[in-house]
Structure formats: C-alpha cells, structure tokens
Amino acid sequence: MGLLSEGNPLSWEETKKLADHVREHGINQFINLYHRLKDRQGDILKWGDEVEYIIVKFDDEQKVARVALRAQDLLTKLNEKELADPKGVKSLWRPEYGAYMIEGTPGKPFGGLMAHFNLVEANMRYRREEVTELLGSDECVMSITNFPRLGANNFTYPMHLPRPEDPLSSARSLYFPDEAIFPGHPRFKTLTRNIRKRRGEKVSIKLKVFKDVNTKLPVDGAPPGEPDVVLLDAMGFGMGCCCLQLTFQACNITEARRLYDQLAPLCPIMLALTAASPVYRGYLTESDCRWNVISSSVDCRTPEERGLEPLKESKFRIAKSRYDSIDSYLSPEGAKYNDVKLTYDDAVYNRLIDGGIDHLLAQHVAHLFIRDTVSLFSEKVHQNDNEDTDHFENIQSTNWQTMRFKPPPPNSSIGWRVEFRPCEAQISDFENAAIVCFVVLLTRVILSYQLNFLTPISKVDENMQTAQKRDACRKEKFWFRKSSKSPEQRAAKQNGTAAATNGADKAGSEEEEQPQTHLNGSAKMNGHSNGLNGNTNGSHAQNGVDSDHTDTDDEESELFQLLTINEIFNGKPGVFPGLVPLIRSYLQSMEVDTDTHCTIEQYLRFIQKRAAGELITTATWIREQVLSHPDYKQDSVVSERINYDLLKCIQRIQEGKHIDPALLGQGNHSKTKDFIPHALQKQLAKTGCCEDK
C-alpha cells in the first residue's frame, strides 16, 4: 500500500495548507538522496513478490459467503514470528486497505540463483498455510482479485451498514461501510476522507453492465442518463481489490531506469494475460480487470483539474488519476517515445534541474509532484531534508502507476529498484508463481540480450484500455514493437558489424548461436562477470531465436504493429519471435538443476497455453461459472448463492482438490521446494558463490 508512517493524521484542511511545504521539502529530499546514491554500483539481483489476499467466511447452511473483517487480528498473530526473529522468518505480513485483506511477501528477497525460481511457489504455499492455520473451519484465505459481491447487501462479516449521511464517515458510501476499511492504521481512512474532500465529491467509478437477455435497466443505483452503468462510489471498491506485484533490485540507477522503461510496454500485456475480475457489486460487467476501477477509486482531481470547469483555484488540467499507467520513460533510449505531453510545474522542474537532476528524471519527478499530499501526520511535518525522505515518499507512494521507480532508502543496504504493478491476483499458488517467475526471467532476457520493447506512451495508454475489455486475452490486439533488438543492435546490423548481431540474418538457420556467456555450473544470475545482472555492455549476442525477425524498417511508425496476446507471447514469424521463445533461448545458455528446469518449463507451458487461448483467463473462467450456474437468471446478477458456489469452487481449486481443465489444463505438478538442494549449495561454496552474498 506504500508508506505507512506512524502518528496522528491531520485533517484535510490542515493537510491542504501544508501541500506546498511537503512538495518543496520532498523535492529537496529527492535531490539530496539522488546525489548521495546516484553513483552506487554493484548491487546484485534481488527480487520478491507481493501477494494480496482476501479472507472469506462461509455460511454453509445459508449458502452465503462474506468477507471476514479479521485482518487486524490475523496480522497481530502473523507478525509475532517476525518480531521474535526478524531475519529468520519465511514470510512477512502487512496490512492492506480492506479490513478483510492482508499482504504476504517472502521473508527475504530471492536472489540470482536459477534455483531461486524453484522456491517461489513453495513460499507462496507456506504463506497460505500460515494464514489458514489461524482461520476457523468456515473461513478461507483467497488470492482473488475482487470479492464478487463487494458492496452488495450484507457482504461483510460481521455485518455493517454504510452511512452515507454520517458526516463522520470517511467514505460516505451508499455501499461500502467504513468498518470494511482496515482499522489498525490511520492512513487508510485518512486517504479515503481526504481524497473525497479534495475532489469535492465522492469518487465515481462507472462500469458498463454485461447486458444479458433479462438484464434489468436501469441498473440499481445507475447515474441519471446512464442506465447501463454499475456505479461504485468509494475508494474501497478499488483499493479493496487484490493484486500480484514484483520488485527487482538493479545493479545501478542506469539499469533501473532501463528496466523501468522496457517493462512499461509489457504492463498492459500482462494485465490482459492475468485478467481476473469481471464482477463488481454483484453484477457481471464488460470489464475483466480492476485497473480502471482502482484508478477512479482514488481520483482526487478537482472538477477544474478534470477539465469540467475553467481553471481558477487549481494550477493544471491533469489527464489522469494518480493511479494509472506511467506517463514518461526515464532512459535516454526511451526519450523519443515520450509522445504524450507531460504536465508539471516549471518551478519544480527547474529546481530539480538546478539541483543536478537530468531532464528525463526531473520531468518524471516534477510530474509526480503535481499531486498534493492526501495523507500527512503531525509528527512528520518538519524533517531534516539531508537525512529524511518521508515527504518525497509521501508523494511518490501515492502515485500508484503501472511501474514505480524506487530510489534506495536512506542508510540502507537496499539498492535502486523497480516495481512491476499491473498483474491481477490468480487463484492458485502455481499460477501466481508462474507469473512471477516469467516476469523475472523476462527482466534477465531484456538485460542479457539488450532487447528493446519501447513503444510510444500513447500506444501503451491505448493498450491499457484494450487490456481490460471482456476476453481481451483472446479477442483483442495490442500495439507492440515489431523488433526486440536494441538501437545498438539495429545500428550494428546496418553497419555490417557482426559482433552484436552475429547470426541475426540467418533466418531459419538450424545452427543458432547461443549467448556468449555460460555459467560453468554455478547456475547463478548475480555477479558482474557473467553479465546476467545486466552489466553486460552489449556483450551478449542476439541469438538465432530472433533470426527470422525482420528489422529493416526505417520509419519509426512502421516498427509497431497490432498483435494478439498469442503472437506476443508465442511469436509471429517475420514479425516478433515471442516472449516465451526468447526466454527459452536464454535458458539454453544457463546450467539449471533438474527440478528447477522442470518447474520453469511447467510455468512457461502454462503461460504459452493461456496466451494461445488453450487455457482461459481467471476472468473468463469466472464469467463461465456464473453464466452456467443453475440459479443464474440471465440478468447479469451474481446472487448470494452463485457467489457462494463460485468461491467454494475456487477454494477447492487452490487446495488442489479440484482441477478445472479450462483454467489449468490437466493439472500442474511443479518440483517446487522450500530450500535450495544441498548438492547445489556445496557446489556454490566450492566456486565461491553464495546466495546471500
């Protein structure tokens, strides 16, 4: 959820008066932090996942499922292990927005060993089991993106009613009671109240209802003149959703900026692949994803900033909510694809430039800082800008974008990081682990092969909207770069320099050149000698998997083509080799232990099949479950009984008691373990490699 400062929250009126104070000192803090750490080098690859969960309570007699408002109680117990042994725990637990939500991460980051990919699923299982041990027999922890009847009548346990007319209510929602907001930290209700007050009205989240034969219009609660809209009116409808996120540590700031840029065009692609939330407030909708719901749920822009009224009190027209896709690239290679005009305060930008920040990073930070703080604590108002970063993080952490560029914390061993934020939570640990490992492997391929996925920001924005359409994974097309080669490789090819693209012209050649670097048995992705942390300076040749990939267009506009998800992941001859084949090519140069290889191969096959449409997304599966339920009346309504049966089925799937071929094929049995094999540890010790190095 971001920065969780302790203290006493200020009222919106008090916070508003301090907006410029936070902005000024936040910029100073960033400049100071940047200059302390900009030359930091040599951080090894570390990465980790965050899975958010919903606690569900079943009433088996009444056939009803509700969200259980038990997060605070559960977190107290879950955190006991961490308090007793902070460095020895296998999992860490944190609060999330909902009183029915918790967030789990590995106890320590995974590292650069290939064998670490075999630990992810086992650690996710451990987390789920750890929570399950604390639950009653009628409760279940679920990694579902959205509770289908969130906001419908009596959706919480214990039951609470919304209080839209209560001036003391944070949300003042017609559907979402304040009791469903996590009560253990003041940040959450403070954000809810201040976003509503800054906006000047309640948030307005509008989703088109899925129109079936008997769908009743207007939908209950639809806005005037919009009879087919399912209206949601509280932050909880968005921030009460769950997601799957990843954070990577880069070896330096340059690599972090490159990863940020190269992963950004993949955000809508991964959103479509992981789509998992078609039901809101008990209605089937035309959307498959949570993204626009969350975006609207924290949209604190005033009517002037939204362009509904002439600018008078506000400084800018602002195109997007503070939760949305990124607006600019950070690396020099990405600069020419920043084709959407950035809004920022010239004074803030000039302060950054005068402070020694380069143009691309200065405009990025200045753009973040067009936002006001919406949560401030009295104890955090006055800070030492040479040592503290809370004012910077206050604004940074409430710009919830598809990617997040994260400077190192002060006085920490943690390096420059990048956070990948678009993915929806999947039902099973296998699926979540597959998504995580796929994205991490993709970062290694990008850095090792110097791939280039840069796409104009305007096209990435368009893809983000396309990704959320019903069954986009099978039915829609997305703007994607025809070539995955970097500008250097393109230049080398045009100049006839074979070093960077040796073999790239041998279309269909049976003898494909492999990357020049091998691991000599260490199966390790860290270290500067092997180049697998991205510090390769172009030493990796582009191997033959890209050899049938045309890259001769002179016009930038011709570099981008509309491709299906299947073509992006599995390849289209002469256009793009496919993300999965690129990963497989990379893995051929790695020495991987048998169990890890088996696990990764299971994950890649799953990704391939879902991208190809052989397996359906969670969103499509949920739709089919609802539409085929005997109680469904073809009216778009997900009744309490349908919701109960759907969640019971999900419970059986995540426990391994039911295999649904449409969702998971004939079952997946990875070789995941919760430890690195002893033989590999001995081998690493011999070669001087250590996972904790």
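Residues numbered from 1 in each chain as written. Predicted model: local features only at pLDDT ≥ 70, side-chain atom pairs only at ≥ 80, totals over all residues. Heavy atoms only, no water.

- You'll find the protein chain entered in an unreviewed UniProt entry as Glutamate--cysteine ligase, with Drosophila rubida given as the organism.

**Points about the packing of helix α11 (residues 346-354) against helix α12 (residues 359-368)**
Stage number 1. Axis separation between α11 and α12 bottoms out at 9 Å; the angle between their running directions is 140°. By the angle class used here, α11 and α12 are oblique. The hand of the α11/α12 crossing is right-handed. Seen from α11, the contacting residues are V348, Y349, L352 and I353; seen from α12, they are H359, A362, Q363, V365 and A366.
Stage number 2. Among the residues making up the contact of α11 with α12, the classes are represented as 7 nonpolar, 2 polar and no charged. (Axes fitted to C-alpha atoms, helices over the stretch in contact; angles between N-to-C directions. Helix = DSSP H or I, 4+ residues; strand = E, 2+ residues; numbered from the N terminus. Parallel < 35°, antiparallel > 145°, perpendicular 65-115°, else oblique. Left-handed = near helix turned anticlockwise from the far one by under 90°. Contact = heavy atoms within 4.5 Å. Nonpolar A, V, L, I, M, F, W, Y, C, P; charged D, E, K, R; others polar.)

**Quick notes on the pattern of salt bridges**
Two side chains that carry opposite charge are able to pair once their charged atoms sit near each other.
Stage number 1. Enumeration according to the criterion identifies 48 salt bridges in this entry.
Stage number 2. A salt bridge links R163 to D166; its shortest N-O distance comes to 3.1 Å.
Stage number 3. A salt bridge links K657 to E655; its shortest N-O distance comes to 3.2 Å.
Stage number 4. One network of salt bridges, with partners in common, ties together D20, R23, R198, E305 and D372. (Salt bridge = Lys/Arg side-chain N within 4 Å of Asp/Glu carboxyl O.)

**Structural notes on the packing of aromatic side chains**
Stage number 1. By the definition in use, this model includes 25 aromatic pairs.
Stage number 2. Relative to W416, the ring of F405 has its centre 5.6 Å away and its plane inclined at 25°; by these criteria the two rings are stacked. Here F405, found in strand β14 (residues 403-406), pairs with W416, found in the loop between β14 and β15 (417-420); they are 11 residues apart in sequence, far enough to count as distant.
Stage number 3. Accessibility expressed as a relative area gives 3% for F405, which makes it buried.
Stage number 4. Among the residues examined, W416 registers a relative accessible area of 0% and is labelled buried.
Stage number 5. Here the basic side chain of K459 rests over the ring of W479, its NZ or CZ set 4.6 Å away from the ring centre. (Phe/Tyr/Trp six-rings, centres within 6.5 Å; stacked < 30°, edge-to-face > 60°. Buried < 20%, exposed > 50% of the residue type's maximum accessible area, 1.4 Å probe, protein only. Lys NZ or Arg CZ within 6 Å of the ring centre and 35° of its normal.)

**Concerning the packing of helix α8 (residues 253-263) against helix α14 (residues 429-449)**
Stage number 1. Put simply, α8 and α14 touch, their axes get as near as 11 Å, and they point 115° apart. Taken as axis vectors, α8 and α14 run roughly perpendicular relative to one another. The interaxial crossing formed by α8 with α14 has right-handed handedness. From α8, E255, R258, L259, Q262 and L263 reach across to α14, where they touch T443, R444, I446 and L447.
Stage number 2. Class assignment of the residues belonging to the contact of α8 with α14 gives a composition of 4 nonpolar, 2 polar and 3 charged.

**Some words on the confidence of the model for the protein chain**
One rule of thumb: low pLDDT means the predicted coordinates there are not for detailed reading.
Stage number 1. Mean pLDDT over the protein chain works out to 89, with 87% of the residues at or above the 70 mark.
Stage number 2. Throughout residues 497-523 the model reports pLDDT below 50, and contacts reaching past four residues in sequence, or to other chains, amount to 59 contacts.
Stage number 3. Taken together, the stretch residues 526-554 has pLDDT below 50 and engages in 98 contacts with residues farther than four places along the chain or on a different chain. (pLDDT = per-residue confidence, 0-100.)

**A closer look at the pairing of β14**
Stage number 1. Alternating residues of β14 divide into M403 and F405 and R404 and K406, and every residue in both groups is buried.
Stage number 2. As paired elements, β14 and β15 share 4 bridges and run antiparallel to each other. In the sheet register, R404 faces β15, and the bridge partner there is E419. (Pairing = 2+ DSSP bridges.)

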